[in-house]
Amino acid sequence: MTGKKRLSVFGATGSVGSSTLSLIREHPDKFALHALSANSDYHSLAQLAQEFQPSCVVIADEAFYTPLSERLSGLGITVLAGQKALEEVATQKVDLLVAAIVGLAGLAPVWRAVEAGQNIALANKETLVAAGHLIMPAAEKNGATLLPIDSEHNAIFQCLRYESQADIKKIILTASGGPFREMSIAEMQNVTIEQALLHPNWSMGPKVTIDSATMMNKGLELIEAAWLFDRGAEKLDAIIHPQSSIHGLVGFKDGSWLAQLGIADMRVPISYALGWPDRLGWQGQDFDFSQALQLDFAPIDGQKFPCFSLAKQVLGQSAEQAIILNAANEMAVAQFLAGEIGFADISTIVERALAAGDSGIKAHSYEAVIALDREIRQR
Ligand code: NAD
Ligand code: MG
């Protein structure tokens, strides 16, 4: 026993993965890596493996198995490839599994990790949006712990640490409003990919950055919060807070509100999850309270951000509706990023998919969730 926490980081080459590894780099005495995974970027994965010396690496896209193996030969690191391997490694016992794959591709390893009763630091919100109805009871049954990394949920998680569920009146997530907060609806029709990728406060992967520009992100986060904190739609809300200093607020029955503040850097919530139940220090720029600090709040304009309205409609409805919303949005965002559709088409595609409904597949099992998701994408 080394006394170090053993971690697996899924989605190690992404934005959340990189932030996680930068914290681990600062604390070589506290953490050891069991596994690192990536989709196809074998070059970055090999570099990370050389630096962090995990027991194994998994490249999801099997086409990159050979070049990855060649890069890591002689280092004593087991190299695995493919979806099955990803799921298998998710069941291998660690102290904490960081789930930072983007999109529904992250569901399979999270599901296996939940079944295996792992402690999971969850960044991947799509997983709970599509399968929260299965994941939450399975986590309870198998003794798996979910520590939210998404900054708003991490904020709420911190605010609720010593509180009783019955005292909560309202949970509010904040939203920066993204790059188009000040634009008119007319101006937003023709924005470019480059404009949509320019988030004012956060540096994130492309999918969540576009979701922030459409504000689908905040809608997905409301659904994620409903599962994590077991609240109905009437107890959940989101507001614009352009400074991204407060990430979440909880109102209690006695009129008190608790809020969590932190700089807009994912290393704040990730460090909370890595250190939990203790706090993990890290070398970062903090607030400078010798300067004036402004905290503004405003309601979200649902007309201007139809993706947010669509997600809000789905909140508290059937699991199938949430799966359709998520799948259609992932497809539409990918098409937008490929230059195939315009920004305003994203909400139109999601709206049409929701109106068309499901073909009768009921999302009663993990396999059914995957099947319904596939069907929507093929459509
Ligand atoms: P990213 O695009 O930067 O990284 C995604 C990671 O997942 C990469 O390592 C990639 O190799 C891997 N991956 C992608 N497709 C895969 C597949 N099919 N199979 C296996 N691995 C695959 O994404 P990100 O911004 O780090 O976001 C990760 C998740 O965290 C998302 O669900 C996002 O919504 C959530 N999140 C991100 C942030 C942020 O600041 N980036 C904040 C809150 C929540
Ligand atoms: Mg968030």
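Relevant structure appears above.
Summary of the structure given here. (Residues numbered from 1 in each chain as written. Chains lettered and ligands numbered in written order. Predicted model: local features only at pLDDT ≥ 70, side-chain atom pairs only at ≥ 80, totals over all residues. Heavy atoms only, no water.)

A look at helix H2 (residues 42–52)
In step 1: For H2, the complete set of buried residues consists of Leu45, Ala46, Leu48, Ala49 and Phe52. Along the axis of H2, the buried positions cluster into a sector of 165°, meaning they face one direction only.
In step 2: Buried residues along H2 sit in contact with helix H1 (15–26), strand E2 (31–38), strand E3 (56–59) and helix H3 (65–72).
In step 3: Note on H2: the residue one or two positions beyond its end, glutamine 53, has a positive phi of about 50°. (Buried < 20%, exposed > 50% of the residue type's maximum accessible area, 1.4 Å probe, protein only. Helix = DSSP H or I, 4+ residues; strand = E, 2+ residues; numbered from the N terminus. Arc of directions from axis to C-beta. Contact = heavy atoms within 4.5 Å.)

Digging into the sheet that holds strand E10 (residues 246–252)
In step 1: Strand order in this open sheet of 4 strands is E9-E8-E10-E11, and the pairing throughout is mixed. The open sheet has two edge strands with one neighbour each: strand E9 (236–240) and strand E11 (257–261). Across this sheet, the average inter-strand angle for adjacent strands is 20°, counted without regard to direction.
In step 2: One ladder, built from 5 bridges, connects strand E8 (residues 168–175) with E10; its direction is antiparallel. Paired with lysine 170 across the bridge in E10 is glycine 251.
In step 3: Along the sheet face, helix H7 (residues 151–159) touches E8, E10 and E11 and points at about 40° away from the line of E10.
In step 4: Against the sheet, helix H11 (residues 216–229) touches E8 and E9, its axis set at about 150° to E8. (Pairing = 2+ DSSP bridges. Axes fitted to C-alpha atoms, helices over the stretch in contact; angles between N-to-C directions.)

Thoughts on the site of ligand 1
In step 1: Neighbouring residues of ligand 1: 23 residues in total, closest Thr13, Ser15, Asn39, Glu126 and Gly205.
In step 2: A distance of 2.8 Å is found between an oxygen atom of ligand 1 and a backbone nitrogen or oxygen belonging to serine 15.
In step 3: Between ligand 1 and asparagine 39, the relevant distance is 2.8 Å, taken from an oxygen atom to a main-chain nitrogen or oxygen of the residue.
In step 4: About the coverage of ligand 1: the protein hides 88% of its 820 Å² of free accessible area.
In step 5: Of all the secondary-structure elements, those providing two or more residues to the shell around ligand 1 are H1, helix H6 (125–142) and helix H10 (206–214).
In step 6: Taken domain by domain, the makeup of the shell around ligand 1 includes at least three residues from each of domain 1 (5–148) and domain 2 (162–264 + 292–306). (Near = heavy atom within 4 Å. Polar contact = N/O pair within 3.5 Å; in protein donor to acceptor, adjacent residues only side chain to side chain. Areas by Shrake-Rupley, 256 points an atom, 1.4 Å probe, with all protein chains shown as cover. Domains from an automatic or database assignment.)

A short note on the packing of aromatic side chains
In step 1: For the structure on display, the rule yields 6 aromatic pairs.
In step 2: Judged by centre distance (5.5 Å) and plane angle (50°), the ring pair of phenylalanine 287 and phenylalanine 289 falls under tilted.
In step 3: On the accessibility criterion, phenylalanine 287 (21% relative accessible area) is partly exposed.
In step 4: Residue phenylalanine 289 is classed as exposed on the basis of its relative accessible area of 60%.
In step 5: Within the aromatic cluster, the residues linked to one another by ring pairs are Phe180, Phe336 and Phe343. (Phe/Tyr/Trp six-rings, centres within 6.5 Å; stacked < 30°, edge-to-face > 60°.)

Brief notes about the nonpolar core
In step 1: Counting residues in each nonpolar core, the largest one holds 88 residues, and the members touching the most others are Leu107, Ile135, Ile171, Leu325, Phe343 and Ile346.
In step 2: Top contributing element to this core by residue count: helix H14 (residues 319–337), with 10 residues.
In step 3: Beyond its immediate chain neighbours, meaning those up to four positions away, isoleucine 171 contacts Ile156, Leu160, Phe229, Arg231, Lys235, Leu236, Asp237, Leu249 and Val250.
In step 4: If you look at the next biggest cluster of nonpolar residues, it comprises 38 residues, including Ile24, Leu72, Val268 and Ala273. (Core = buried A, V, L, I, M, F, W, Y, C linked by side-chain atoms within 4.5 Å.)

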